[in-house]
Amino acid sequence: MSDQTVDMIAMGKRAREAAFALSTMTTDQKNAALLTIADALEAETPAILAANALDIAAAEANGIDPLYIRDRIRLDKRMDGIIADVRKVAELEDPVGREGEHRELEVGITVYKKRVPLGVIGAIYESRPNVTVDISTLALKTGNAVILRGGSDVLNSNLELLRVLKGALEASGFPADTMQYIASTDRKYVG
């Protein structure tokens, strides 16, 4: 996968379009999508763990410290917690639209702060495939599209997780491009 070319401009445009569509989704729709994601992760756990096993085998073949593998790469003992965390995100209060500080100006105009989505978030992180789910679901809850780039040593795990996440999004009526992944291991895409 390291020689794969990624059109970052096209990816960004698709994310922006998805973010616009996402801005029209209600809290109930987002929560339903999150619960669909949790169910899909549960149903697809064997496929996710199979992809994760490829990353573990590659790490072991490369002489990576077993403690590092257990702490960062291995998902088998984490899947229940990951799924539970997605369900907890669905229970969180939706921050979009919440009003904050109010101020009345001398001319009779009320000024207030209102929380809105950023639009598109780019996230670069290391070798923790659980973070793929964490960032994606929090971005969804807050009404943001996300472009992800995780560590190269968990590429198989991350691509499988994204397949499951995107499938659940589409099943919930959300644009699949709400969550995207830079599938190249070339470090030029970090910049």
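Cut-offs used in this document
Residues numbered from 1 in each chain as written. Predicted model: local features only at pLDDT ≥ 70, side-chain atom pairs only at ≥ 80, totals over all residues. Heavy atoms only, no water. Pairing = 2+ DSSP bridges. Helix = DSSP H or I, 4+ residues; strand = E, 2+ residues; numbered from the N terminus. Axes fitted to C-alpha atoms, helices over the stretch in contact; angles between N-to-C directions. Contact = heavy atoms within 4.5 Å. Salt bridge = Lys/Arg side-chain N within 4 Å of Asp/Glu carboxyl O. Buried < 20%, exposed > 50% of the residue type's maximum accessible area, 1.4 Å probe, protein only. pLDDT = per-residue confidence, 0-100. Right-handed = clockwise from strand over helix to strand, strands pointing away. Parallel < 35°, antiparallel > 145°, perpendicular 65-115°, else oblique. Left-handed = near helix turned anticlockwise from the far one by under 90°. Nonpolar A, V, L, I, M, F, W, Y, C, P; charged D, E, K, R; others polar. Arc of directions from axis to C-beta. Polar contact = N/O pair within 3.5 Å; in protein donor to acceptor, adjacent residues only side chain to side chain.

This paragraph deals with the sheet that holds strand β3 (residues 120-124). The strand order across the open sheet built from three strands is β3-β4-β5, with neighbouring strands paired in parallel fashion. Either end of the sheet is taken by a strand with one partner, and the two such strands are β3 and β5 (179-181). Neighbour-to-neighbour, the strand axes of the sheet open up by a mean angle of 20 degrees, direction not taken into account. As defined by bridge partners, strand β4 (residues 145-149) adjoins β5 across three bridges and the pair is classed as parallel. Bridge pairing in β5 links valine 146 to methionine 179. Where helix α7 (residues 155-171) meets the sheet, its contacts fall on β4 and β5, and the angle it forms with β5 comes to roughly 160 degrees.

Considering all chains together, one arrives at 13 salt bridges under this definition. Here aspartate 71 and arginine 128 are joined by a salt bridge, their closest N and O atoms 3.5 Å apart. Within this pair, whereas aspartate 71 is found in helix α4 (residues 66-73), its partner arginine 128 is found in the loop between β3 and α6 (129-141), the two being separated by 57 residues in sequence. You can call arginine 128 partly exposed: its relative accessible area is 26%. Between aspartate 76 and arginine 74 there is a salt bridge; the shortest N-O distance is 3.8 Å. Each of Arg14, Lys166 and Asp177 takes part in one network of salt bridges that share partners.

The subject of this paragraph is the pairing of strand β1 (residues 99-104). Sheet topology places β1 next to strand β2 (residues 110-114); four bridges connect them, and they run antiparallel. If you follow glutamate 104 over to β2, its bridge partner there is threonine 110. The hairpin formed by β1 and β2 contains five residues between the paired strands, and glycine 108 there has a positive phi angle of roughly 90 degrees.

With that out of the way, let us pick up the confidence of the model for the protein. Within the protein, residue pLDDT values average 92, and 96% of them lie at 70 or more. Across the protein, helix α2 (residues 27-43) holds the top mean pLDDT of 98, while β1 sits lowest at 86.

The element β4 is largely enclosed, with a buried count of five among its five residues. As paired elements, β3 and β4 share five bridges and run parallel to each other. Looking at the pairing, valine 120 lines up with alanine 145 of β4. Chirality of the crossover, the property in question, places the unit of β3, α6 and β4 among those that are right-handed. Chirality of the crossover, the property in question, places the unit of β4, α7 and β5 among those that are right-handed.

Remark: α6 packs on α7, axes separated minimally by 9 Å, with the N-to-C direction vectors making an angle of 25 degrees. Taken together, the axes of α6 and α7 lie roughly parallel to each other. Considering only the axes of α6 and α7, their crossing is right-handed. Counted together, Pro129, Thr132, Val133, Ser136 and Leu140 of α6 and Ser157, Asn158, Leu161, Leu162, Leu165 and Leu169 of α7 form the full contact between these two elements. Taken together, the residues of the contact of α6 with α7 break down into seven nonpolar, four polar and no charged.

Where α4 is concerned, the buried positions are Ile69, Arg72 and Ile73. Down the axis of α4, the smallest arc covering the buried residues is 95 degrees, so these residues share one side. Away from the buried face of α4 by more than 90 degrees, exposed residues Pro66 and Arg70 are located. Residues of α4 that are buried sit in contact with α3 (45-61) and α6. For α4, the side-chain oxygen to backbone nitrogen distance between the N-cap and leucine 67 is 3.1 Å, and the N-cap itself is aspartate 65.

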